[in-house]
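The primary structure of each chain is shown beneath.
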Amino acid sequence: MTLRRKIITRSVLFVLLILLGAALFRASGILPEATKEGLLQFQQRLRESGWMAPAVYTLLCAVAVVLFIPAIPLILAGALFGAVLGSVCAFAGLLLGASASFLLSRYAFRPLVERLIMHRPVFQRLDEGVKREGWHMVLVTRLLPIFPFCPQNYAYGVTGISFRAFTLVSGVCILPAVVAYVLIGASLISGKGNPGETLGYLLGGATVLGLLYLAMRLVRRKYRLPHTGDNATPGEPLAKEK
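Numbering of residues starts from 1 in every chain and runs along the sequence as written. Predicted model: local features are reported for residues with pLDDT of at least 70 only, side-chain atom pairs are reported and counted for 80 or more only, and whole-chain, interface and lining totals are derived from all residues. Think of the side-chain values as coming from all heavy atoms in the structure, minus any hydrogens and water.

### What to know about the environment of Phe 123
A helix here means a DSSP run of H or I that spans at least four residues, while a strand means a run of E at least two residues long, and both kinds are numbered starting from the N terminus. Considering the arrangement of structural elements, one finds Phe 123 in helix α7 (residues 121-133). Residue burial is assigned from relative accessible area. The probe radius is 1.4 Å, only protein chains are included, and a residue is buried under 20% of its type maximum, exposed over 50%, and partly exposed in between. Given a relative accessible area of 8%, Phe 123 falls into the buried group. In sequence terms Phe 123 and Ala 155 are 32 residues apart; their C-alpha atoms lie 7.2 Å from each other. We call two residues contacting when some pair of their heavy atoms lies within 4.5 Å. Ignoring sequence-local partners within four residues, the contact set of Phe 123 consists of Ile 117, Met 118, Ala 155, Val 158 and Thr 159.

### What to know about the packing of aromatic side chains
Ring pairs (aromatic) are described by centroid distance and by the angle formed between their planes. Aromatic rings from Phe, Tyr and Trp, with only the six-membered ring used for Trp, were paired whenever their centres fell within 6.5 Å, and each pair was classed as stacked if the ring planes differed by under 30 degrees, edge-to-face if by over 60, and tilted otherwise. Going through the model one piece at a time under the given rule, you end up with five aromatic pairs. Relative to Tyr 154, the ring of Phe 68 lies with its centre 5.1 Å away and its plane at 10 degrees, an arrangement referred to as stacked. With Phe 68 in the loop between α3 (53-66) and α4 (72-77) and Tyr 154 in helix α9 (residues 149-157), this residue pair connects regions lying 86 residues apart in the sequence. Note on Phe 68: relative accessible area 35%, which makes it partly exposed. Each ring, one from Phe 102 and one from Phe 163, has its centre 5.6 Å from the other, and the planes form 45 degrees; the classification is tilted. Note that Phe 102 is positioned in helix α5 (residues 83-108) and Phe 163 in helix α10 (residues 163-189), a separation of 61 residues in sequence. For Phe 102, a relative accessible area of 0% puts it in the buried group. Under the relative-accessibility criterion, Phe 163 is labelled partly exposed at 33%.

This is the structure:
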């Protein structure tokens, strides 16, 4: 089989797998809605897995990331296991999904991913930024709303960033947001009619989000980035403060 045919075959397989997987995932009805009722229904479905429920939930989060499915409702549902275990499972799932996407892009579908994105200006700047700044580029794009989370995972797979650096920096950046959303989810389902408990979870989530916002501002200031998402283009030299 010629190289061109291999690329075409892998490209078709990749697209079909993503589309089929996403369609089946959505059609299954397993994804929770971001409401109290939706989360409680999701809890009932998870209970059918018994003691394997945390592992099943973690795997669902990972699959959602690989298939480009918004994971926020799933992160909110982590509160079903409590704030601590839910945060751990959601974090593990998102990081596993991001790592799997990176590896699929680098080793299984690299020709396709390159063909899809290599001519796009945003990727060219991202690639140039990685060459110049290394893991700092991952930090900036993870913390700032430059472009979506799931496409980043595949895009970084065809840059020069190492898997270790990608995974470590991604993990550090993902964790605060996961904790915040799990706490917000807990305010929806764990208050049990107790206004004080509900308010406590909300304040906890808001506090973490506030700290994350401060971290974003510090990153903007450190690398002298614009304050608008449209102008915060990856790949422009990161002029660090001295």
